[in-house]
Amino acid sequence: MTDVSAARASLSRSYGAFINNSFQPVKGPVFAATAAATGEHLADIARCGKDQIDAAVASAKTAFPIWRAKTPEERAACLSRLADAIEREAGRLMAIDTLDIGRGLWETGLDHAIAVQQYRYFAAAILTHEGWGRPIADGYLVAKREPYGVCGQIIPWNVPAIMAAFKIAPAIAAGNTVVLKPDEHASLSTLELGKLIAEIFPPGVINIVPGFGEEAGAALTSHPDVAKLAFTGSSEVGRLISAAGAQRLVPVSLELGGKSPNIVFPDIAVADMDAIVDNVTFASMYCNGQSCLAGTRLFLHRDIYDDFMQRLVASMRRIRVADPTNSYPLLGCLVSEKQGRRVQSYIDIGKEQASLATGGGRAEVPGCNAGWFFEPTVFETTNDTRIAQEEIFGPVLSVIRWSDYDRLIHDANDIRYGLAAGIYTNDLASAWDTADRLQAGNVWINNYFNLAPGSPFGGFKESGIGSEFCHETLNMYTHLKAVTVQT
Ligand code: NAD
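Procedures and definitions
- Residues numbered from 1 in each chain as written.
- Predicted model: local features only at pLDDT ≥ 70, side-chain atom pairs only at ≥ 80, totals over all residues.
- Helix = DSSP H or I, 4+ residues; strand = E, 2+ residues; numbered from the N terminus.
- Rg over C-alpha atoms; globule rule 2.2 N^0.38 Å.
- Contact = placed C-beta atoms within 7 Å.
- Buried ≥ 20, exposed ≤ 12 C-beta atoms within 10 Å, placed from the backbone.
- Pairing = 2+ DSSP bridges.
- Core = buried A, V, L, I, M, F, W, Y, C linked by C-beta atoms within 7 Å.
- Near = placed C-beta within 6 Å.
- Nonpolar A, V, L, I, M, F, W, Y, C, P; charged D, E, K, R; others polar.
- UniProt positions renumbered as here; feature names shortened; annotations may be inferred.
- Axes fitted to C-alpha atoms, helices over the stretch in contact; angles between N-to-C directions.
- Expected span 1.5 Å × (residues − 1).
- Arc of directions from axis to C-beta.
- Right-handed = clockwise from strand over helix to strand, strands pointing away.
- Parallel < 35°, antiparallel > 145°, perpendicular 65-115°, else oblique.
- pLDDT = per-residue confidence, 0-100.

Turning our eyes to something else, we now look at the overall build of the protein chain. For the protein chain, the helix and strand inventory stands at 15 helices and 23 strands. A compact globule built from 487 residues would reach a C-alpha radius of gyration of about 23 Å, and the protein chain, at 23 Å, matches this within 12%. Seen along its three principal axes, the alpha-carbon backbone of the protein chain occupies a region of about 70 × 60 × 40 Å. Considering only contacts in the protein chain between residues 6 or more positions apart, those separated by 24 or more positions represent 71%.

Here the focus is the environment of Phe 449. Within the secondary structure layout, Phe 449 lies in the loop between β20 (442-445) and β21 (460-461). Given 17 C-beta atoms within 10 Å, Phe 449 falls into the partly exposed group. Residues Phe 449 and Asp 306, spaced 143 residues apart in sequence, show a C-alpha to C-alpha distance of 25 Å.

This next bit is on the sheet that holds strand β4 (residues 30-34). Spatially, the three strands line up as an open sheet ordered β1-β5-β4, and their pairing is mixed. Edge positions in the open sheet fall to β1 (14-15) and β4, since each of these has one partner strand only. Alignment of β1 against strand β5 (residues 41-46), held across two bridges, turns out to be parallel. Bridge pairing in β5 links Ser 14 to Asp 44.

Counting 154 residues, the largest nonpolar core has Leu 79, Ala 173 and Val 179 as the members making the most contacts within it. When residues of this core are assigned to their parent elements, the largest contribution, twelve residues, is made by helix α3 (residues 72-101). Sequence-distant contacts of Ala 173, defined by excluding residues within four places in its chain, comprise Arg 75, Ala 76, Leu 79, Phe 122, Ala 123, Ala 125, Ile 126 and Leu 474.

Attention now moves to the site of the ligand. Around the ligand, a shell composed of 29 residues is seen, among which Gly 213, Gly 217, Gly 233, Glu 255 and Cys 292 lie nearest. Breaking the shell around the ligand down by element, the ones donating at least two residues are α7 (213-221) and α8 (235-248). Examining the composition of the shell around the ligand, we find that five residues originate from one element, α7, more than from any other. Broken down by class, the residue content of the shell around the ligand amounts to twelve nonpolar, eleven polar and six charged.

This paragraph deals with the UniProt feature "active site" (unreviewed entry) in the protein chain. Following the UniProt record, the feature "active site" (unreviewed entry) maps to Glu 255 here. Summarising the element assignment, Glu 255 is placed in strand β12 (residues 252-255). C-beta crowding within 10 Å serves as the criterion here: with 28 such atoms nearby, Glu 255 is assigned to the buried category. Sequence-distant contacts of Glu 255, that is, excluding residues within four places in its chain, are made with Thr 232, Gly 458, Gly 459, Gly 464 and Glu 468.

Attention now goes to the sheet that holds strand β7 (residues 139-147). The strand order across the open sheet built from three strands is β6-β7-β23, with neighbouring strands paired in antiparallel fashion. With one partner strand each, in any of the chains shown, β6 (132-136) and β23 (478-486) form the two edges of the open sheet. The average undirected angle you get between the axes of adjacent strands in this sheet is 20 degrees. Here β7 pairs with β23 via nine bridges, running antiparallel. Within the sheet, the bridge partner assigned to Ala 143 lies in β23 and is Ala 482.

This next bit is on helix α11 (residues 337-353). In a regular helix each residue adds 1.5 Å, so 17 residues correspond to 24 Å; α11 covers 24 Å between its end C-alpha atoms and thus fits that length. Those residues of α11 that sit buried are Gln 339, Gly 340, Val 343, Tyr 346, Ile 347 and Gly 350. With its buried residues spanning 130 degrees around the axis, α11 presents them on a single face. Turned more than 90 degrees away from the buried face of α11 sit Lys 338, Arg 341, Ser 345, Asp 348 and Glu 352, all of them exposed.

So, about the environment of Val 26. Mapping Val 26 onto the fold places it in the loop between β3 (22-23) and β4. For Val 26, a count of 18 C-beta atoms within 10 Å translates into the label partly exposed. Separated by 18 residues in the primary sequence, Val 26 and Asp 44 have C-alpha atoms spaced 9.0 Å apart. Residues contacting Val 26, with those up to four places away along its chain left out, are Ser 14, Gly 16, Asp 44 and Ala 46.

Every buried residue belonging to helix α13 (residues 405-413) is among Leu 408, Ile 409, Asp 411 and Ala 412, and all of these are buried. Seen along its axis, α13 keeps its buried residues to an arc of 165 degrees; they face one direction. Among the exposed residues of α13, those pointing more than 90 degrees away from its buried face are Asp 406, Arg 407 and His 410. Buried residues along α13 sit in contact with β13 (261-264), β14 (297-301), β17 (396-402), β19 (420-424) and α14 (428-437).

Within β14, five of the five residues are buried, which leaves the element mostly enclosed by the surrounding structure. Burial of the side chains of β14 extends over both faces: Arg 297, Phe 299 and His 301 are buried on one face and Leu 298 and Leu 300 on the other. Where β13 meets β14, four bridges bridge the pair, whose relative direction is parallel. Within β14, the residue paired with Pro 261 across the bridge is Arg 297. Once the chain exits β13 it traverses helix α9 (residues 273-285) before rejoining the sheet at β14, and the crossover so formed is right-handed.

Looking now at the packing of α3 against helix α4 (residues 105-125). The relative placement of two packed helices comes down to the angle between their axes together with the axis-to-axis distance. With their axes 9 Å apart at the nearest point, α3 and α4 run at an angle of 175 degrees to one another. As judged from the angle between their axes, α3 and α4 are roughly antiparallel. When its residues are assigned to classes, the contact of α3 with α4 shows 15 nonpolar, five polar and four charged.

Per-residue confidence for the protein chain gives a mean pLDDT of 97; residues scoring 70 or more make up 99%. Listed scores for the predicted complex are pTM 0.97 and ipTM 0.95.

This next bit is on unusual backbone geometry. Positive phi, close to 55 degrees, is recorded for Asp 138, a residue that is not glycine. By secondary structure assignment, the location of Asp 138 is in the loop between β6 and β7. Positive phi, close to 80 degrees, is recorded for Phe 469, a residue that is not glycine. Note on placement: Phe 469 falls in the loop between β22 (464-465) and α15 (473-476).

Here it is as structure tokens:
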């Protein structure tokens, strides 16, 4: 049982940057971490800028030759110890995330379980991340993988534990050192990670610098000693990060936005329909819709449309919207007023441009007056409307009727994003054909959010560049060097 009050009490009063294995004294400007649901002040956080980024990069640069010289087994052992420490602390860390960002405890618990999996996955993967060699005329060729050096990493607020793990684990497994900037709306659990890191890693291997994007973020992306940039967030900011990398010609990996199609074929058995409805509901409402992967465009075939819609509306209305800390609801609140106003504006647009099937209002949750809680909202629409084309990042699903297969494929791909897709059918041949034709980095057949460790995670089109979560990610964090020996 998670003790939210104890987790709250365990927070430091203020957090400075975590550099060289210690928290810096908080001297300059700060910003407040507040509970998303209640508005309660949780802690002050240093609003870091260029000076702290300079110090963190210097520390990571000094640590690099020491960390790089460790064997893969030694690095793997540290990663495994971090995984164990997070697992031990998970109850506390998940409660901190729930307070900070307003998502239900069962969800933030899942985040930490996935984070633990990531550290363990890369602890194992690095042991088989090998170069290759072969004899050549009068000699031998060795192609070896080498870390870049200091990696500058920037993450968003929606799933902070997962995002931190996605970035830190592969980078340090490969022998790099890291300066990570968490999001200004969700810095607490990442900063708390510093307390665990200090017990396990040599100083400077992992540094965490909180602050705003335009200040700490921009200082990190333009720093001359940062050898590799990795970013997760919106496509708009992704362009800025990419431009900063291009200025200095350093590699940039990007995990960006999504507006993913979830496609239901007419051949699904009626007996399976409720399970598919549950899956579709989860795909769109998990994380309060604040997930880059969310299946927010539901393509329903006309032959099953009415039956499916009836069950879907009932499923959405069964969802409890509640205080994220007291119960295990599916929907807590959105992360911030800014996000709440954004979602509200899309619901208003939807009411003008589409037909509202259910929801469409804010939900009152006693004791959580600061929270932006929304009813799960479903619109019936077409693929060309703004609510179907733009990433809302809230509990809003657009349903689109389809009948012609080629038109379906066209519409599913007719979007700037290409992150994920779902397909529900009993016909494996057509599922395979559809998977082949969809422009998406992740395609799930008869499921959604099926992310086994090692499953490549990355986007097509404006959803990003590069793949995380998999063995290939280690290539993203290493150069390939050829050494030839003449004998
Ligand atoms: P955002 O792009 O506004 O912010 C993300 C991070 O970038 C934050 O840490 C922020 O401080 C920083 N940042 C902002 N401006 C910056 C600048 N000029 N220079 C450097 N850093 C800067 O994104 P958001 O709105 O907080 O997050 C939601 C977005 O993230 C959505 O589009 C979502 O789809 C995407 N996302 C993608 C994935 C994925 O893996 N593909 C995962 C989670 C979220």
